[in-house]
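Below are the chains, spelled out letter by letter.
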Amino acid sequence: MDNVESLEDMWKREAAAASLDAVGTVSEESEEARAERVRIWKGLALPSLALGLLSSLLVYGNPASVTMLPFVIAVVIFCRHVMRLAGISVKRGSAFCLAVMLLLALSDCLTDNAFIIFCNNLGICLVLAVGLLHNFCDDSRWQLGTYFARMLRCAGGTIESLGDAVSDLLAWKKATGKGSKTALSVLAGAAISAPLLALVISLLCSADERYAAQLGWLFGHVQAAPAARVCLFTLAAILASYCTSRFLVKRNLPSEVKEKRQFPAAVALTMLTLFCLVYVSFVCSQFVPPPEGTVSYAGTAREGFFQLLAVSIINVIIVQAVLARFGDCIPLKVLLSVFCACTYVMIASAALRMFRYIGHYGQLTFLRVLVLWTLAVLALLLAGQVVQVLSRRFPLFRYGFAAVCVCYAALSLARPDYWIASYNLSRLEQDGMKLDYRDIAELEMLARKTSCDAAPAFARSGRLSAKGGGREFFYRDTVMEKLEDRPLSLRTWNFSRARARELLQE
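The structure displayed is predicted, hence computed values, not measured ones. (Residues numbered from 1 in each chain as written. Predicted model: local features only at pLDDT ≥ 70, side-chain atom pairs only at ≥ 80, totals over all residues. Heavy atoms only, no water.)

Observations concerning helix H2 (residues 31–58)
Okay, so step 1: Under the 1.5 Å per step criterion, the end-to-end length of H2 is 40 Å for 28 residues, consistent within 8% with the ideal 40 Å.
Okay, so step 2: At Leu-44, H2 shows its strongest bend, of approximately 30°, with the proline Pro-47 following within four residues. (Helix = DSSP H or I, 4+ residues; strand = E, 2+ residues; numbered from the N terminus. Expected span 1.5 Å × (residues − 1). Bend = angle between axes of the 7 residues up to and from the residue.)

Encoded structure:
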């Protein structure tokens, strides 16, 4: 019996020591440090809680609706509050990040394209991260790699700040003396009321059948697993909001950029000379027509496009590496200028091949539109690199960031599925009003591969239904299949899906 009691005492002492470790770390700090923890907890706790609850209410399982706009506005307001808490004023350029985020959130509720929606939400996160880094750090000398390194550092700092969140809470409890008593009171009240509440509910259900039926419907629709996922998502959103803000407020993110090692210019001159010789010979070959009957027109156009696209991307990376790691001299500028000019010819050749390929087969797809958009963005990025070749002070990252944001926002808001369907349907109409089996198959494939954004194009062309070659096509069946698990409500409202439903009802 004595041994049992001694073991129990030992366990109690160990548990008490473990629970007091965090309190000990707080008590060992200076008065100023504890006061700072209390100030940060008071400034971040309730806003983080509110943002976490809004995240679960507006965004959870609902990435493409009108709720994305108020969510982005709430995130911006929260970030502005964090900046005030850290004593930071808004820097120039933040309005551009805000405008891009709002445009992408607007695009979420205007389109039904899953790829566009995913890229919109990813773009909102990246633009928000860039905006926060721009305001909390001196990023005047940062390049693309520095931004990504700082983003990874923020992700690691968010995890590290979990300990700070606990210490802040303990410091606040010790300073106010209210936290533990309030928490215990809430738990005691819930424990006391639980059995009595169950008895009262059972009595009310037996007294009124309608009330019992309503409660049965409610509990029948509230399942344990989805409720647990919502709770976990809300908790993760609250912790992410508090810990990320806590890390940024600590101002532990370095702003300075280490000087990169510069390699001898002869290395870049040799490399670029070899590349330029090959590229100049390729450019000259573009003006020589191939012998008739030696190559397949459509096959060469398609395969040549992908090879040229890959070479163009490699060239943009090479130019960026040379600008970052090699010195500045006139021969290097000349070779880089020739290198960029050859890359422009390759981009133009790739675009021309793709246009010929599309014209030959008469079909647009989302992938073809996306790669043409990629070529246009590469041309803009290469233009910025040409300017930096002439003037090393040119802010290439800011230019590239603005160019990519504007181009992607234009692509996202343009709803490419609508234009793809309009082009393909117009080509189908040019072939004649009488449709055969192959035409019906193309209509079915177009309906399956495009989102609800294409519904107005089908309605305008009069192809909501068609017959030909002993086969029937009903656009309504395809759209209803896509909308089967996507009900429209005040929370999940999407204009593209609502427009598709309206057209089908008409």
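A closer look at the environment of Leu-443
Okay, so step 1: Looking at the secondary structure, you find Leu-443 in helix H16 (residues 437–449).
Okay, so step 2: Once the C-alpha coordinates of Leu-443 and Ala-466 are considered, the two residues, 23 residues apart in sequence, prove to be 8.8 Å apart.
Okay, so step 3: With residues up to four places along the chain from it excluded, the contact list for Leu-443 reads Leu-425, Leu-428, Leu-435, Phe-458, Arg-463, Ala-466 and Phe-473. (Contact = heavy atoms within 4.5 Å.)

A closer look at a nonpolar patch on the surface
Okay, so step 1: Judged by side-chain polarity, Phe-118, Leu-122, Leu-126, Leu-144 and Phe-148 come together as a nonpolar surface patch covering roughly 490 Å² of accessible area.
Okay, so step 2: Those elements that provide at least two residues to the nonpolar patch are helix H5 (114–136) and helix H6 (144–176).
Okay, so step 3: Ranked by residues supplied to the nonpolar patch, first place goes to H5 with 3 residues.
Okay, so step 4: Locating Leu-126 in the fold gives a position in helix H5.
Okay, so step 5: For Leu-126, a relative accessible area of 37% puts it in the partly exposed group. (Patch = residues over 30% accessible without salt bridge, like charges linked within 9 Å, V, L, I, M, F, W, Y side chains within 5 Å. Areas by Shrake-Rupley, 256 points an atom, 1.4 Å probe, with all protein chains shown as cover. Salt bridge = Lys/Arg side-chain N within 4 Å of Asp/Glu carboxyl O. Buried < 20%, exposed > 50% of the residue type's maximum accessible area, 1.4 Å probe, protein only.)

Looking at helix H10 (residues 265–285)
Okay, so step 1: Helix length check: H10, at 21 residues, gives a terminal C-alpha distance of 30 Å against a target of 30 Å (1.5 Å per residue), a fit within 8%.
Okay, so step 2: Of the residues making up H10, those classed as buried are Ala-268, Leu-272, Cys-276, Tyr-279 and Val-283. For H10, the angular spread of the buried residues around the axis is 80°, confining them to a single face. Among the exposed residues of H10, those oriented more than 90 degrees off its buried face are Leu-274, Leu-277 and Val-278. (Arc of directions from axis to C-beta.)

Notes on unusual backbone geometry
Okay, so step 1: Positive phi values are uncommon outside glycine, yet Arg-415 reaches one of about 50°.
Okay, so step 2: Secondary-structure assignment places Arg-415 in the loop between helix H14 (396–413) and helix H15 (416–430).
Okay, so step 3: What makes Arg-415 partly exposed here is its relative accessible area of 24%.

Some details on the nonpolar core
Side chains of nonpolar character tend, in soluble globular proteins, to be buried together.
Okay, so step 1: Phe-136, Leu-443, Phe-458 and Tyr-475 are the most contacted members of the largest nonpolar core, which totals 107 residues.
Okay, so step 2: Among the elements that take part in this core, helix H12 (residues 330–361) stands out by supplying 13 residues, more than any other.
Okay, so step 3: Beyond its immediate stretch of four places on either side in the chain, Tyr-475 contacts Ala-447, Ser-451, Ala-454, Ala-455, Phe-458, Arg-463, Leu-464 and Leu-504. (Core = buried A, V, L, I, M, F, W, Y, C linked by side-chain atoms within 4.5 Å.)

Observations concerning the packing of aromatic side chains
Okay, so step 1: For the coordinates displayed, the defined rule picks out 18 aromatic pairs.
Okay, so step 2: Ring centres of Phe-473 and Tyr-475 lie 6.5 Å apart, and the angle between their planes is 50°; on these two criteria the pair is classed as tilted. Neither residue differs from the other here; Phe-473 and Tyr-475 are each classed as buried.
Okay, so step 3: The ring of Trp-142 has Arg-150 sitting right over it, with the charged end atom 5.2 Å from the ring centre.
Okay, so step 4: The residue whose ring lies beneath Arg-415 is Tyr-418, and the NZ or CZ to ring-centre distance is 5.9 Å. (Phe/Tyr/Trp six-rings, centres within 6.5 Å; stacked < 30°, edge-to-face > 60°. Lys NZ or Arg CZ within 6 Å of the ring centre and 35° of its normal.)

Looking at the side chain of Thr-450
Okay, so step 1: For Thr-450, the position within the fold is in the loop between H16 and helix H17 (455–461).
Okay, so step 2: Here the side chain of Thr-450 touches Leu-446 through a polar contact of 2.6 Å, landing on its backbone oxygen.
Okay, so step 3: Beyond its immediate sequence surroundings of up to four residues, Thr-450 is in contact with Asp-417, Phe-458 and Lys-482. (Polar contact = N/O pair within 3.5 Å; in protein donor to acceptor, adjacent residues only side chain to side chain.)

Examining the environment of Pro-331
Okay, so step 1: With respect to the helices and strands, the residue Pro-331 is situated in helix H12.
Okay, so step 2: Remark: the alpha-carbon pair of Pro-331 and Ala-265, spanning 66 residues in sequence, is separated by 9.3 Å.

As for the pattern of salt bridges
Note that side chains of opposite charge can pair when their charged atoms are close.
Okay, so step 1: Tallying each qualifying case throughout the model produces 12 salt bridges.
Okay, so step 2: Ionic pairing is found between Arg-438 and Glu-442, a salt bridge with its closest N-O pair at 3.6 Å. Residue Arg-438 and its partner Glu-442 are located together in helix H16, separated by 4 residues, close to a single helical turn.
Okay, so step 3: A relative accessible area of 61% places Arg-438 in the exposed class.
Okay, so step 4: Since its relative accessible area comes to 28%, Glu-442 is described here as partly exposed.
Okay, so step 5: Close ionic contact of Glu-502 with Arg-499 constitutes a salt bridge, the shortest N to O distance being 3.5 Å. Taken together, the residues Glu-502 and Arg-499, both in helix H19 (residues 495–505) and 3 residues apart, mark about one turn of the helix.
Okay, so step 6: Members of the salt-bridge network, linked through shared partners, are Arg-37, Asp-164, Asp-168, Arg-246 and Lys-250.

Observations concerning the environment of Cys-125
Okay, so step 1: Following the sequence through the fold, Cys-125 ends up in helix H5.
Okay, so step 2: What makes Cys-125 exposed here is its relative accessible area of 52%.
Okay, so step 3: In sequence terms Cys-125 and Val-72 are 53 residues apart; their C-alpha atoms lie 10.0 Å from each other.

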